[in-house]
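A structural walkthrough
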Amino acid sequence: MKLILLGAPGAGKGTQAENISGHYGIPTISTGNMIRAAIHNGTALGKQAESLINAGKLVPDEVVIGMIRERLAEEDCKNGFILDGFPRTIPQAEALEKMGIEIDMALSLEVADEKIVKRMSGRRVCPACGMTYHVDFKPSKDNKHCDECKTELIVRKDDHPDTVLDRLKTYHETTEPLKAFYEARGKLVQVEGREELAETTKATFEAIEAFLQ
Ligand code: AP5
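Residues numbered from 1 in each chain as written. Predicted model: local features only at pLDDT ≥ 70, side-chain atom pairs only at ≥ 80, totals over all residues. Heavy atoms only, no water.

1. Brief notes about the state of the cysteines
Enumeration according to the criterion identifies 0 disulfides in this entry. Free of any disulfide, Cys129 has its nearest neighbouring cysteine sulfur in Cys146, separated by 3.7 Å. By relative accessible area, Cys129 is classed as partly exposed at 40%. The exposure class of Cys146 is buried, given its relative accessible area of 1%. (Disulfide = S-S within 2.5 Å. Buried < 20%, exposed > 50% of the residue type's maximum accessible area, 1.4 Å probe, protein only.)

Following this line, the structure appears as structure tokens:
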């Protein structure tokens, strides 16, 4: 299965990607995680991206398209993959088509902006392995350290409320038009992100299975 996850920042793409990846045994490719790893490792790409990401702006299309082209050529993508955070612009979606990649579906998680701002203030992430938690909805065992690698959890720099509002603006202006792009291709499925994490997960799996039948 080749799946694109669409949705506003904080809609729950990364959380559902983890569930879907485990169930179908396909890798998740998160451009956000790839860019954060580049920043962490101090690469040239990371240096270019850091101020953009922290301001809630997008990294240039050509940079992200190059990253994705290389990643999709790897062996573990042969039987399918989940794209989390890519494409984010129409030129990125067109580039994916030009690579000859035919996706099965684009699943959009729909969550109202007001809920997102509230939700993001409780997100905690592991700076070492990228695992995501929430202080109320998905706490780690001690609500301080990563369950997987025991590193102390942090608040992402771009999760501060003002930056979240900038990211939402970027989403509505630049990324949301992708819903029409994939609807025109008969690939769009929309799932309402619920308050309860388990309910969103159930609705996500039901939508995938119904669409693929
Ligand atoms: P990226 O890392 O992709 O960020 P994003 O799209 O803004 O998405 P998030 O990771 O913030 O949220 P999510 O939807 O995955 O939600 P999560 O599951 O964590 O990108 C970051 C930046 O990188 C961009 O701003 C841009 O600068 C750059 N970038 C990345 N890709 C790019 C591209 N293609 N082109 C250009 N630039 C690019 O959930 C959020 C929280 O809510 C968590 O704490 C979770 O536990 C909790 N939660 C999840 N679901 C529920 C629920 N149903 N109920 C209650 N809580 C929930």
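Here the narrative resumes, following the displayed structure.
2. Considering the pairing of strand β1 (residues 2-7)
In terms of burial, β1 is a largely internal element, 5 of the 6 residues being buried. Relative to strand β3 (residues 81-84), β1 runs parallel, the two being bridged by 4 bridges. Following the sheet pairing, Leu5 is matched in β3 by Asp84. Across 5 bridges, β1 lies against strand β4 (residues 105-110) in parallel orientation. Opposite Gly7, over in β4, you have Leu109 as the bridge partner. (Helix = DSSP H or I, 4+ residues; strand = E, 2+ residues; numbered from the N terminus. Pairing = 2+ DSSP bridges.)

3. Some thoughts on the pairing of β4
Within β4, 5 of the 6 residues are buried, which leaves the element mostly enclosed by the surrounding structure. Of the strand pairs in this sheet, β4 and strand β7 (residues 188-192) are connected by 5 bridges, and their pairing is parallel. Following the sheet pairing, Glu110 is matched in β7 by Glu192.

4. Some words on the pattern of salt bridges
Inspection of the entire model under this criterion finds 13 salt bridges. By sharing partners, the salt bridges in this structure join Arg123, Arg156, Asp158, Asp159 and Arg167 into a single network. (Salt bridge = Lys/Arg side-chain N within 4 Å of Asp/Glu carboxyl O.)

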